[in-house]
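Fold and contact review
These are the residues of each chain, in order.
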Amino acid sequence: MPDAVVVGAGCAGAPTAMLLARAGYDVTLVDRARFPRDTLSTHYLQQPAVALLRDWGLLDAVLGTGCPPIAQLRYRVADVAIDGPMWTFEGIGYALGPRRYLLDQLLVDAAVAAGVDFRPGHRVTDLIVEDDRVVGVRLRTEGGPYELRAPLVVGADGMRSVVASRVGAAVHVTDPPRTCVYYSYWPGVSDRFEIHEAPGSWIGVVPSNDGLTLVAAYFPQSAYRGVRLDAGAVYLAAVRDTAPDVHARMVAVRRAERIYGTGAQLNFFRQPAGPGWVLVGDAGHHKDSLTARGITDAFHQARLLADSVGSGLDLHDPDRLCAALRRFERGRDELLTDEYRHTLKLARLAPSARRLASLRAAAEDPEQAAGFFRSLCGHPFQDRMAPP
Ligand SMILES: Cc1cc2nc3c(=O)[nH]c(=O)nc-3n(C[C@H](O)[C@H](O)[C@H](O)COP(=O)(O)OP(=O)(O)OC[C@H]3O[C@@H](n4cnc5c(N)ncnc54)[C@H](O)[C@@H]3O)c2cc1C
C-alpha cells in the first residue's frame, strides 16, 4: 500500500507527487492520459513559478526545451504605454512560456526520478470510503478495473475533479464566468511578454518553444456564443482592433497551429480537504485564466501541501494527518484569496478610471512602474497603487 495516491499528473499533481516522494513517502501517481499530452491552456509561467522550478532542480531541463527566457514586458491600454524589464523575484528576472506537452512531461519525469510509481492510462472512477474516511481509489485501465488503497488520496484531477465530486467537496466561493479565450501560435511575432487591453478585449502575447509566439484574445463571456461561431475571424479582428502592431506582425507570417479556445473560465474555491483526502490545483480552486496564475498557483499548492505534511509523518494516524491537512487548508486560502479578487476585477474587461490613473502614474514613475511589474506576478497592484 502506498502512503499517498495522487490522481492527475498535471502541474499540480506531478510536483505534489515529486515533493512527497522526496520527503520520503511512497507515492503512486495515476493519470487517465498517456504522456506526453497537451492540454487546453496557455502557459505563461511567472517569475515565482520559474523560481520554484529552479528550487526543485528542474529549471535547466525546462530551459533545455528551448523556450526563451522572457525578460521584457510591453503593456498597452488606452493612452498608457509601459515598457521595461521584468520584475526580479528571488533572483529570477524572467518569465517562461514552455509548451505544456514539454513542461508536464518534465514534471512527471522528475516525479519518477524521485521514486514515484507513475501509472499513465489509469482512470480513477470512484473512491473507496470506509467509516466516512477516504481509504483509496477505484481505477479502470485497458486491463480492467482495480482498487488501490492509501491513507491519503490527493485529487489533482483538474477543475472537473472526480475526487472532489465523489467526496462532495462543498463550493465555498463561486462567481460567474467573466471571459472566454481563444489562442494560437505564430512564428516570431514577439520576443517579449505583451498585454494589450481595451474595453471588452484583452490580448496576451507569450514567446514559446520552436520560435513560436502564443497570441491569446480574451472576450466577455457574454460574447462566447457569437465568438465560437467564427472564432478564427473574430480572434484576428480582436487582435487587429486592440493590438494593431501585433496584428501586423501576425498577418506577415502563417499561423502555425489551429485556433484553440474555451468558455469554461470557472471561478470557485472548493473545500480543499477532509478525512483521507485533499485537493490541489484546479481541483480545489479555479479562476479566470486572464492573469495566467494557474500553473504558479498549482506549484505553490504542491509545495504548501508537502510542507504541511512534512517528513516522517505517519499518514495512517488520522489525527496527525488531519492536522497537516488543516495547515494546508488555512495556507491555501491565504495564498489564493487576494489574487482571486484581483483576477475577477481584471476579468471584467473594463479598465476603470481609477486603474487607468494608477497605470498612467506607473508609466511616468519608475517606482510606481515597479509596483505594476510586481502585480503581474500576483501582487495586486490597483488597491496598493491607486491614489486615495
Ligand atoms: C485557456 C486557458 C489558459 C490558461 N493560461 C494559463 C497561463 O498562461 N498560465 C498559467 O499559469 N495558467 C494558465 N491556465 C491555468 C492552468 O492551465 C491550470 O491552472 C493548470 O493546468 C492546473 O493544473 P492541474 O494539474 O490542477 O490540472 P490539469 O492540468 O487539468 O491536470 C489534471 C490532470 O488530471 C488528469 N485526470 C482528470 N481526471 C482524471 C481521472 N478521473 N483519473 C485520472 N486522471 C485524471 C488529467 O488527465 C490531467 O492530466 C490556463 C487555463 C486555461 C483553460
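Computed from a prediction, not measured in an experiment: that's the story for all the values here.

To continue, consider the overall build of the chain. Helix and strand counts for the chain stand at 13 helices and 19 strands. Projected onto its principal axes, the C-alpha coordinates of the chain cover approximately 60 × 45 × 40 Å. Look at the contacts in the chain between residues 6 or more apart in sequence, and 73% of them connect residues 24 or more apart. Accessible surface, the chain as shown: approximately 15,700 Å² in total, 50% of it carbon and sulfur. Each charge sign in the chain was given a centre, from 43 positive and 44 negative side chains, and these centres are 4 Å apart.

Let's shift gears to the environment of Gly84. In this structure, Gly84 sits in strand β4 (residues 80-85). A relative accessible area of 6% means that Gly84 is categorised as buried. Taking the C-alpha atoms as reference points, Gly84 and Leu73, separated by eleven residues in sequence, lie 5.5 Å from one another. In contact with Gly84, not counting residues within four places along its chain, are Ala71, Gln72, Leu73 and Phe373.

So, about empty space enclosed by the protein. Over the atoms rolls a probe the size of a water molecule, and in doing so it shows where empty space is left. Scanning the model with the defined rule gives one cavity of 30 Å³ or more in all. If you add up the space inside the largest cavity, you get close to 270 Å³. Every residue lining the largest cavity is counted, 26 residues in all, and those nearest its centre are Phe193, Ile195, Leu290, Thr291 and Ala292. Secondary-structure elements contributing two or more residues to the lining of the largest cavity are β12 (193-198), β13 (201-207), β14 (212-220), α10 (318-346) and α12 (366-375). Residue composition of the lining of the largest cavity, by class: 15 nonpolar, eight polar and three charged. Per-domain counts for the lining of the largest cavity show at least three residues from each of domain 1 (4-41 + 99-174 + 266-346) and domain 2 (179-262).

Its boundaries defined by the atoms lining it, the largest pocket holds a volume of some 1,300 Å³. What lines the largest pocket is a set of 50 residues, and nearest its centre among them are Thr39, Arg100, Gly158, Met159 and Asp282. Going through the elements one at a time, β2 (27-31), β6 (123-130), β11 (179-187), β19 (285-286) and α9 (294-309) are the ones with two or more residues in the lining of the largest pocket. For the lining of the largest pocket, the leading source of residues is α9, giving five residues. Within the lining of the largest pocket, the residues separate by chemical class into 20 nonpolar, 18 polar and twelve charged. There are two domains that each give the lining of the largest pocket at least three residues, and those are domain 1 (4-41 + 99-174 + 266-346) and domain 2 (179-262).

Every one of the 32 residues lining the ligand counts as a neighbour, but Asp31, Ser41, Thr42, Asp282 and Ile295 are closest to it. One nitrogen or oxygen atom from the main chain of Tyr44 is found 3.0 Å from an oxygen atom belonging to the ligand. Protein contact buries 93% of the 1,000 Å² of open area that the ligand shows by itself. Judged by the proximity of its atoms to the pocket grid, the ligand belongs to the largest pocket. Elements represented by at least two residues in the shell around the ligand include exactly β6 and α9. In terms of residues, the shell around the ligand owes the most to one element, α9, which gives three residues. Across the shell around the ligand, the residue classes tally to twelve nonpolar, twelve polar and eight charged.

A word on the UniProt feature "domain: FAD-binding" (unreviewed entry) in the chain. Under the UniProt annotation, the feature "domain: FAD-binding" (unreviewed entry) is placed at residues 3-293. The straight-line gap between the two end C-alpha atoms of residues 3-293 is 30 Å; of that span, 24% is helix and 35% is strand.

Bringing helix α8 (residues 244-251) into the picture now. Those residues of α8 lying buried are Val246, His247 and Met250. End-on view of α8: buried residues confined to an arc of 100 degrees, all on one side of the axis.

Assigned domains of the chain: these are domain 1 (4-41 + 99-174 + 266-346) and domain 2 (179-262). Its C-alpha centre places domain 1 at a distance of 31 Å from the equivalent point of domain 2. Contact with domain 1, which involves ten residues of that partner, is made by 14 residues of domain 2. In this assembly, domain 1 packs against domain 2 so that about 990 Å² is buried in total across both faces, 49% of it on carbon and sulfur atoms. Looking only at domain 1, the three residues that lose the most surface to domain 2 are Leu40, Arg99 and Leu290, adding up to 58% of its buried area.

Note: most residues except glycine have negative phi, and most peptide bonds are trans. Residue Pro36 is bonded to the preceding Phe35 through a cis peptide linkage, with omega at -5 degrees. For Pro36, the location among the structural elements is in the loop between β2 and α2 (47-55). Of note, the phi angle at Ala78 is positive, near 50 degrees, even though the residue is not glycine. Here Ala78 shows up in the loop between β3 (72-77) and β4.

Right, let's get into the nonpolar core. Formed by 92 residues in total, the largest nonpolar core has its most connected members in Leu29, Phe299 and Phe372. Broken down by element, this core gets its largest block of residues, eight residues, from α9. Formed jointly, this core draws a minimum of three residues from each of two domains, domain 1 (4-41 + 99-174 + 266-346) and domain 2 (179-262).

The next point concerns the environment of Arg138. Along the chain, the position of Arg138 falls in strand β7 (residues 133-141). For Arg138 and Arg74, which are 64 residues apart along the polypeptide, the C-alpha to C-alpha distance reads 48 Å. In contact with Arg138, other than residues within four places in its own chain, are Arg123, Val124, Thr125, Asp126, Leu127, Ile128, Tyr146 and Glu147. A distance of 3.2 Å separates polar atoms of two side chains, one belonging to Arg138 and the other to Glu147.

The rules behind the values
- Residues numbered from 1 in each chain as written.
- Predicted model: local features only at pLDDT ≥ 70, side-chain atom pairs only at ≥ 80, totals over all residues.
- Heavy atoms only, no water.
- Helix = DSSP H or I, 4+ residues; strand = E, 2+ residues; numbered from the N terminus.
- Contact = heavy atoms within 4.5 Å.
- Areas by Shrake-Rupley, 256 points an atom, 1.4 Å probe, with all protein chains shown as cover.
- Lys, Arg positive; Asp, Glu negative; His and termini not counted.
- Charge placed at Lys NZ, Arg CZ, Asp CG, Glu CD.
- Buried < 20%, exposed > 50% of the residue type's maximum accessible area, 1.4 Å probe, protein only.
- 1 Å grid on protein atoms, 1.4 Å probe; cavity = no way out; pocket = protein on both sides within 12 Å on 5 of 7 lines; lining within 4 Å.
- Points joined across faces, edges and corners; volume = space filled by probe spheres on them.
- Nonpolar A, V, L, I, M, F, W, Y, C, P; charged D, E, K, R; others polar.
- Domains from an automatic or database assignment.
- Near = heavy atom within 4 Å.
- Polar contact = N/O pair within 3.5 Å; in protein donor to acceptor, adjacent residues only side chain to side chain.
- Sits in = over half its atoms within 2 Å of the grid points.
- UniProt positions renumbered as here; feature names shortened; annotations may be inferred.
- Arc of directions from axis to C-beta.
- Buried area = accessible area lost by both parts, 1.4 Å probe.
- Core = buried A, V, L, I, M, F, W, Y, C linked by side-chain atoms within 4.5 Å.

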